[in-house]
Amino acid sequence: MPHKRSDRSDWTEPQDIDVAALRDGSEREADGGAVSLSEIAYRRILELLFARGLPAGANVSQNDLVRLVGVPVAPLRDALRVLQTEGLLTIHPRSGIRFLKADFEFAKNTYQFRSILERPAVRVYAEAGTLSSMEALRSRHERAIEALQRDGFSAEIVRELVTLDEILHFEIIAALGNPLVESTYRRVHNYLQLIRLDRTLTAPLALRTLREHLDLLKACIARDPEAADTALQAHFGNALQRTIGIF
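So, how was this worked out
- Residues numbered from 1 in each chain as written.
- Predicted model: local features only at pLDDT ≥ 70, side-chain atom pairs only at ≥ 80, totals over all residues.
- Heavy atoms only, no water.
- Core = buried A, V, L, I, M, F, W, Y, C linked by side-chain atoms within 4.5 Å.
- Buried < 20%, exposed > 50% of the residue type's maximum accessible area, 1.4 Å probe, protein only.
- Helix = DSSP H or I, 4+ residues; strand = E, 2+ residues; numbered from the N terminus.
- Contact = heavy atoms within 4.5 Å.
- Salt bridge = Lys/Arg side-chain N within 4 Å of Asp/Glu carboxyl O.
- Pairing = 2+ DSSP bridges.
- Axes fitted to C-alpha atoms, helices over the stretch in contact; angles between N-to-C directions.
- Parallel < 35°, antiparallel > 145°, perpendicular 65-115°, else oblique.
- Left-handed = near helix turned anticlockwise from the far one by under 90°.
- Nonpolar A, V, L, I, M, F, W, Y, C, P; charged D, E, K, R; others polar.
- Phe/Tyr/Trp six-rings, centres within 6.5 Å; stacked < 30°, edge-to-face > 60°.

Caption draft 1: Seen up close, the nonpolar core. Among the nonpolar cores identified, the biggest contains 72 residues, and I45, F99 and L216 are the most heavily contacted of them. No other element matches helix α9 (residues 203-221), which puts 11 residues into this core. Filtering out sequence-adjacent residues up to four positions away, F99 remains in contact with I45, L49, L54, P55, A56, G57, A58, V60, L65, L88 and L89.

Right under this line is the structure:
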């Protein structure tokens, strides 16, 4: 069946939340012993938040979260404390848990933090990154642009853009070979997903993002760290402006 096309789509698509599936998955992971219940709770809360199963800015009781996430109170509390430390929610002992709703100041601070982490990384990536991986990413971006121009805007394009954005920027960060930076960047990635919940993506904005990625990749393939740094800064500046609706 052909997919319905439209000229607008959310950057992060709403999804139906299957609570039973979340619980089953939690039990399987716990039985395997590879992941603690608090880690499962942490992941499940983020999944619910980014899929709009928990609205940003919402007040939720601890009992509601236990039911939604499918883990006992103790590991849930551990996960909530971590998420509070990361700035994604606030625990109010008498009135429940309030999830963060991103605003302009939060977006600005996130992109500033992102730039601090990625600018040194992109220089290393340009100088020593794997060329075959860069070439593969460039080809994939070019195919996405061709598909967008040929077939129009669609949910598939949105998913591909989200995937390409994640692959490219995590590869840049990985070039440093620093697990502390990578761990910190995962937190930044969570912030970005929260920011994008209130953002509407259009076909022109998707094209701009893909072309900015291409400029960055071309500079890295050319082994030009200065040009890569310049392209990255331009991309972040434009992305912040797109986030706050300037263009």
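Alright, that's what it looks like, and here's the rest.
Caption draft 2: Looking closely at the pattern of salt bridges. Scanning the entire structure with this criterion turns up 15 salt bridges. Its salt-bridge partner being R119, residue D229 comes within 2.8 Å of it at the nearest N-O pair. Of the two residues, D229 sits in helix α10 (residues 225-243) while R119 sits in helix α5 (residues 104-128), which places them 110 residues apart along the sequence. A relative accessible area of 3% means that D229 is categorised as buried.

Caption draft 3: Fine view of the sheet that holds strand β3 (residues 89-92). Taking strand neighbours across the sheet as the criterion, the 3 strands line up as β2-β4-β3 in an open arrangement whose pairing is antiparallel. The open sheet is flanked by β2 (59-60) and β3, the only strands paired with a single partner. Looking at chain direction, β2 and strand β4 (residues 96-99) are connected through 2 bridges and run antiparallel. Within the sheet, the bridge partner assigned to V60 lies in β4 and is I97.

Caption draft 4: Expanded view of the packing of helix α2 (residues 37-50) against helix α4 (residues 73-85). At a minimum axis distance of 8 Å, the contact between α2 and α4 shows a crossing angle of 60 degrees. As judged from the angle between their axes, α2 and α4 are oblique. Seen from above, α2 lies across α4 with right-handed handedness. Between α2 and α4, the contacting residues are L37, S38, A41, Y42, I45 and L46 on the first element and P75, L76, D78, A79, L80, V82 and L83 on the second. When grouped by side-chain class, the residues that make up the contact of α2 with α4 number 11 nonpolar, 1 polar and 1 charged.

Caption draft 5: Broad picture of the environment of D229. The spacing of D229 and S115 is 114 residues in sequence and 9.9 Å in space, taken between C-alpha atoms. Residues contacting D229, with those up to four places away along its chain left out, are R119, V122 and R123.

Caption draft 6: Structural context of the packing of aromatic side chains. Throughout the structure, instances matching the rule amount to 3 aromatic pairs. Aromatic side chains F106 and Y191 sit 5.3 Å apart centroid to centroid with 70 degrees between the ring planes, which places their arrangement in the edge-to-face category. Highlighted residues: F106 in helix α5 and Y191 in helix α8 (residues 179-196), separated in sequence by 85 residues. Y191 gets classed as buried once you look at its relative accessible area, which sits at 10%. Relative to Y185, the ring of F170 has its centre 5.3 Å away and its plane inclined at 90 degrees; by these criteria the two rings are edge-to-face. Within this pair, whereas F170 is found in helix α7 (residues 155-174), its partner Y185 is found in helix α8, the two being separated by 15 residues in sequence. F170 sits in the partly exposed class, given a relative accessible area of 24%.

Purely spatial values, then, with no claim about function.
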